[in-house]
Amino acid sequence: MTEISPRTPWTLADPAPIDPDTIADAQARGLSARLVRILSRRGPVTRETLAAWFDDPVDALHDPGLLPDADRCRARVDRAAETGERVLVFGDFDADGLTGSAILVLALRARGIMADPWIPHRTEEGHGLSVAAVRHAMEEGVGLIVTADTGTTSHAEIDLAAGRGIDVIVTDHHALPPSLPEAVAVVNPHRADSRYPDRSLSGAGVAFKVAQLILADLPGGPERALGLADLAAVGTIADVVSPEGENRAITRLGLRRLAEGPRPGLRALLESAGVAGDPVGRETVSHRLAPRLNALGRVEGSADGAIALLLAEDADEVVPLVERIEEANRLRRDLTARALAEAREQLPTAAADGILVVAGPWPAGVIGLVAGRLAEETGRAALVLSTVAAPWRGSARGNGETDLAAALRACEGLLVKHGGHAAAAGCQVEPDRVPELREALMAFGRAEPERATNPPLALDLVVGGDAVDFVLLSEIAPLEREGDPPPLLGIAGLIVRRVREVRGGHLQLTLEKGSRVFDAIWFGGAALGGSLEAGAEVDLAARLGARTWNGVEQLRLEIRDLAPAGYLRSLRAGSGSAA
């Protein structure tokens, strides 16, 4: 048996000091001492931060009129409503772009505008506003195109539309090019001239703010805009943007709507995922809803079924769409597992820095998933290239440190096109430039060595296995319910009783502490399962949740890393603080 060792270092920060008034405020809110300790490890806890976590999230939303080009955007939409123009909403094919598109379509329709979505084919059109969409708009007599989660770098396509008398409003959150396209409005909070207080919005978040903007003066409009928060929350969580600031408020609003009465398409997805009726939190969205929304685009190339699901108004419409999505999701898992296994074979055997670059004949729709898994397993940012067609398509995922948008900008002379943001990016490259690209990305890592380190797992709380119970689960539940990442627990001294590899490259474990028995799942852990066998005593870094099985609610651990027993004891001793 291989010696057990953690894949990445674990850290346990000392809690930030909390003043007596804040402690009293937390107690008045019914928050447990353990939950307050978790919050204090994530940063300073004040009465103001407690309000941001637990007061009405509507109060934390900013004025959408502060967005760049807000007045120009609103005026152009007003004109479309007054003149009866047709509008095409062009969105990206991932969950963020799909939900952002749905938000804009529904908001424009609420203004009485005839608005239809256009989701590009992943392989035939790629990212960014496409020529095919512009030509479709010309043929259909569309006077205005509004983008969602894309368009900031689509200079040529926007010029083509303008030359045919079609205006374009860009709503986006991606990194900015040296110059902005000649659109009627470019609503992107990253603009240098932006007065908007929060630049970390997702594409769906920007679309949500635009919906607030264009519905503000409609009778009942503000409430209708808030009713789109469920879609905005799904996009925000799926795109893994910062959970702080306005994103927290949007996520809290949306999770509340998902819990109280999801729209038909999302309700059907929750049911097909087997989590209908369960608490809807960040993990449910990221592991259940988002992969299913992404599946059609990844497997079939066309995500038209996914946008139709989000816009569906009754349950009868969604049944065939959900069946198609579930089949695509099953195929997506199989394709990803095969591609990941082949990609792992290309990983360097010796320690190295910089961004990983691997290439193979894998579907373009799964390379982002493979990149994300490699980044998680190695601690290095990863670029995965699909060699199915030239130019090769690449998808990159970060390690929490590397700025991928900056990395690709540094290599733009080698690329056909590129785009994205710090945590996720994409590119196209001719096959004969790949060796140069690989060297350039390695050089980027060497020039900024602090970005090539393996980021540690930050634990929120350390407990013994005998303290993992439903009381603890109920104490930490407000965090995920209100849209914050669920706590990462360090759990000491568990005995491995059973290890089993399950479909998709995951590992299922049965763990024991005294009289307590826990089911656990380690997503992507099968590659490391050979170091485990029954009888081993381990410490875990894991999330705590619950599932219902045969009518009985059971605790469940989602493992993020594993270490030999005693690792947490040494960690606590080194931190100088008790959990």
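None of these values were measured; they are calculated from a predicted model.

About the criteria used
- Residues numbered from 1 in each chain as written.
- Predicted model: local features only at pLDDT ≥ 70, side-chain atom pairs only at ≥ 80, totals over all residues.
- Heavy atoms only, no water.
- Pairing = 2+ DSSP bridges.
- Helix = DSSP H or I, 4+ residues; strand = E, 2+ residues; numbered from the N terminus.
- Axes fitted to C-alpha atoms, helices over the stretch in contact; angles between N-to-C directions.
- Contact = heavy atoms within 4.5 Å.
- Salt bridge = Lys/Arg side-chain N within 4 Å of Asp/Glu carboxyl O.
- Buried < 20%, exposed > 50% of the residue type's maximum accessible area, 1.4 Å probe, protein only.
- Disulfide = S-S within 2.5 Å.
- Polar contact = N/O pair within 3.5 Å; in protein donor to acceptor, adjacent residues only side chain to side chain.

1. Points about the sheet that holds strand β3 (residues 114-118)
- Strand order in the open sheet made by the five strands is β3-β2-β4-β5-β6, with parallel pairing throughout. Because the sheet does not close on itself, it has two edges, and the strands there are β3 and β6 (185-187). For this sheet the average axis-to-axis angle between neighbouring strands, irrespective of direction, equals 20°.
- Summarising the sheet, strand β4 (residues 142-148) and strand β5 (residues 167-171) pair through three bridges and their orientation is parallel. Bridged to Ile145 within β5 is Val168.
- Against the sheet, helix α4 (residues 70-83) engages β2 (86-91), β4, β5 and β6, with an angle of about 135° to β5.

2. Remarks on the pattern of salt bridges
- Across all of its chains, the model carries 31 salt bridges by this definition.
- Between Arg76 and Asp167 there is a salt bridge whose closest N-O contact spans 2.7 Å. Placement of Arg76 in helix α4 and of Asp167 in strand β5 is noted, with a sequence separation of 91 residues between them.
- We classify Arg76 as buried; its relative accessible area is 4%.
- A salt bridge links Arg248 to Asp484; its shortest N-O distance comes to 2.5 Å. Note that Arg248 is positioned in helix α11 (residues 245-260) and Asp484 in the loop between α19 (470-481) and β14 (489-502), a separation of 236 residues in sequence.

3. Some words on the state of the cysteines
- Taken as a whole and judged by the stated rule, the model has zero disulfides.
- Here Cys427 is not cross-linked by a disulfide; its sulfur's nearest cysteine counterpart is in Cys411, at 8.9 Å.
- On the basis of relative accessible area, Cys427 is assigned to the buried category, the value being 6%.

4. Notes on the side chain of Thr171
- Positionally, Thr171 belongs in strand β5.
- At a separation of 2.5 Å, a polar atom in the side chain of Thr171 contacts the main-chain carbonyl oxygen of Thr147.
- Not counting residues within four places of it along the chain, the set of residues in contact with Thr171 comprises Leu104, Val146, Thr147, Ala148, Asp149, Thr150, Val187, Val206 and Val210.

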